[in-house]
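# Coordinate analysis (summary)
Here's the letter readout for the chains.
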Amino acid sequence: MWGRNSRTARLACASAAAVAIALCATPAQAQKNAPKETVSAAPLGQTDPWSVGWLGKAEGALALTLWSNTDTTTLSQLMSSLEPSTLSPASLGALRHVILSSARGPKDGADLIPERLRLLELGGETERSIDLRKRFPQTDWGKGADLLASSYELAGGRSQSACDRAADKPPTDPQWIPVRAICYAIAGDLNAASGISEHAVNADGQANTWLIAAIATMGASAKAKPAGRYDTPLDVAVSIAAKLSVPNNAFDDTPPDIALAVVRHPNATPEQKRAALRPAADGGRLTSADILSVINPPPEPSDEKADKDDKKDDKSGAKAKPARAKNDFLALALDAAASPDLKDDAKSTAIAVALKDVDDATDFHVAALALHGVLKALPRSEDTQPNAEAFARAALVAGDLPLAIEWRKLMDRAPAPAAADATDSAKSGPKADKPDSPAPDAWTEARLDLMLSFAGAPGEKPADILDRLIDAVPPAPDGPAAKGSSIAQRQAELRRIENTRALFLYVGAGRPLNPAARALLSTLRTAGRGVPDGALARIQSALDAHADGEAALAVVGQLSQDPSALSFAGLSDLVAALRGAGMEKDANAIILEALQPWKAL
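### Looking at the overall build of the protein chain
When helices and strands are counted, the protein chain shows 31 helices and 0 strands. For the protein chain, buried positions account for 48% of its 601 residues. Relative to all contacts within the protein chain whose residues are 6 or more apart in sequence, the contacts with residues 24 or more apart total 69%.

### Overview of empty space enclosed by the protein
Here the idea is plain: a probe the size of a water molecule rolls over the atoms and shows the empty space left. Scanning the entire structure with this criterion turns up 1 cavity of 30 Å³ or more. Looking at the largest cavity, the residues that line it are W443, R447, L450, L469, E498, A502 and L595. Going through the elements one at a time, helix 24 (442–454) and helix 26 (487–508) are the ones with two or more residues in the lining of the largest cavity. Of the residues forming the lining of the largest cavity, the biggest block, 3 residues, is contributed by helix 24. Of the residues that constitute the lining of the largest cavity, the class distribution is 5 nonpolar, no polar and 2 charged.

### Examining helix 14 (residues 270–282)
The end-to-end C-alpha separation of helix 14 is 19 Å, in line with the 18 Å expected for 13 residues at 1.5 Å each. At A276, helix 14 is bent by approximately 30 degrees, the largest bend along its length, and proline P279 sits one to four residues beyond. Turning to helix 14, its buried residues are Q272, K273, A276, L277, P279, A280 and A281. Where helix 14 is buried, its residues contact helix 12 (233–241), helix 13 (256–264), helix 15 (288–295) and helix 19 (361–370).

### Considerations on the environment of E406
Within the secondary structure, E406 is located in helix 22 (residues 401–411). For the pair E406 and A388, spaced 18 residues apart in sequence, the C-alpha separation works out to 9.1 Å. Only 2.5 Å separates the side chain of E406 from the side chain of R380, close enough to count as a polar contact.

### Re unusual backbone geometry
You will see that K243, though not glycine, has its phi angle at about 50 degrees, which is positive. Secondary-structure assignment places K243 in the loop between helix 12 and helix 13. Its identity is not glycine, yet H546 carries a phi of approximately 60 degrees, on the positive side. On the secondary structure map, H546 appears in the loop between helix 28 (533–544) and helix 29 (548–558).

### What about the pattern of salt bridges?
Applying the stated criterion to the full structure yields 25 salt bridges. R408 is paired through a salt bridge with D412; the nearest N and O atoms lie 2.9 Å apart. Using a relative accessible area of 52% as the deciding quantity, one classes D412 as exposed. Taken together, the salt bridges that share partners define one network made up of R408, D412, D449, E460 and R468.

### Here's the deal with the side chain of D235
Along the chain, the position of D235 falls in helix 12. When residues no more than four places from it in sequence are discounted, the contact partners of D235 are W210, R229 and Y230.

### Quick look at the packing of aromatic side chains
Applying the stated criterion across every chain yields a total of 6 aromatic pairs. Here the aromatic rings of Y230 and F251 are separated by 4.5 Å at their centres, their planes lie at 25 degrees, and the arrangement is stacked. Here Y230, found in the loop between helix 11 (209–216) and helix 12, pairs with F251, found in the loop between helix 12 and helix 13; they are 21 residues apart in sequence, far enough to count as distant. The pair formed by Y230 and F251 is uniform in burial state, with each residue classed as buried. Ring geometry for F454 versus Y506: centroids 6.1 Å apart, planes at 90 degrees, classification edge-to-face.

About the thresholds
- Residues numbered from 1 in each chain as written.
- Predicted model: local features only at pLDDT ≥ 70, side-chain atom pairs only at ≥ 80, totals over all residues.
- Heavy atoms only, no water.
- Helix = DSSP H or I, 4+ residues; strand = E, 2+ residues; numbered from the N terminus.
- Buried < 20%, exposed > 50% of the residue type's maximum accessible area, 1.4 Å probe, protein only.
- Contact = heavy atoms within 4.5 Å.
- 1 Å grid on protein atoms, 1.4 Å probe; cavity = no way out; pocket = protein on both sides within 12 Å on 5 of 7 lines; lining within 4 Å.
- Points joined across faces, edges and corners; volume = space filled by probe spheres on them.
- Nonpolar A, V, L, I, M, F, W, Y, C, P; charged D, E, K, R; others polar.
- Expected span 1.5 Å × (residues − 1).
- Bend = angle between axes of the 7 residues up to and from the residue.
- Polar contact = N/O pair within 3.5 Å; in protein donor to acceptor, adjacent residues only side chain to side chain.
- Salt bridge = Lys/Arg side-chain N within 4 Å of Asp/Glu carboxyl O.
- Phe/Tyr/Trp six-rings, centres within 6.5 Å; stacked < 30°, edge-to-face > 60°.

Laid out in structure tokens, this is it:
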């Protein structure tokens, strides 16, 4: 811990006069029992950095020949053009499978390792990057392992191991000055932290005025604080320690694992934690517990005086709950689910409203994870049946396929319209206590079954699902569309578009079409942003040459934050190429994403 003389002496022993005064300050006692650093395990002593991998076969590890029949120049161009923050969750998953796999590197492949490390770190695999760097300490890129490890630990609130490592480094090393400064700040010695931060410089050699300003405000809350930064682990650590603000889009480029560190950091502000939810969710790192800890945080301990003041304000003696943002339907749904006084149909309605009140796929993902435990506990009954389809989609997005199948089965228990009418007519009064069970919607059921099939659900043949999907929507009327079409007509047109998407994706997934479906496909027009012909030809040529790694990277380069925005034909070709490169699970995940399970259509 910081109070031990051995580490204090190492930290304070400065050789340069410019920093001697600051470095000789005595740090205060730091946090105890900080978690130790963890890295992924793999055999040491590898001679080829590309032979280090972290995936087993069941986890999607690709063939050892992944980088065969290509060259470093081509791969360098592909890798440098990739920005993980611009990829959808499923596309990012495909990239991870490529860069995390162990394979025989191409000739001069060691020159590409810095790019592999960049993609690892920006893709949310900082621990794997640290692991790889540590295995090759003599390389230029390997020498940065300790600095990255300390920055990563500080971002996650593990200051003890991070600052122990910093104490062993030369105090005049410019790379370590920001780490040393924040270590002193976390330990409570702001004088030393401020003195050291004055010698911190940016990559361009200029004074790091942001770091200096952030540390300067830590001891004086009245000072105007700089805006927080969240792009790198060290920036995150500083922003949390100084409790800086979260500007708009501040987390747009934050890697998923760093965002998760903010969500779990004990000292991060509620604003910081909430902003970090989206990138952590998109990176597939959030759990239900993570989200609930942010949405429903435990009450903060208060001192005795504060308790007395609260009681003065509230004569009943009851302590007020912290105020929530207006229209927070997710929080309201969680409250409803926990209420012993509400019936299942009321709880079901509140949950369905929360799932509907989302702006995009990420919001739906966060809501689905937050409500996962609730959906597991909610009875599958007549009371909850009206919202079974929404709950099945939420369970699917939350990654719980068995639960999604259970909710899908409940949809089949809906009474047919005739039976429902007969039941109602036999009653002497209205159904006051029971929700109306909607008539079965054949297209909605088929669409959900289609999604479940791409998630790996057993059961009906995929071709039969597609037939039901197509048969459930009437063909488009001949001639130009009529003006002032009804809601039903507009819905039918939207569903015909989705059927077209499904037909193209079936081809990309390698699923057979019957003669009638093939004939229909030939009459349909694609929609969405086109994929360049040259890019598709290049990918196919790489596959023909058995350059699977090159083909996979080229596919990922054509994907975006929303695969559903791509042309149906282009996306079909891209997922077919992923299958050709041995990445069928990733192809299915991208198809499922393109089917937009967060939307009710």
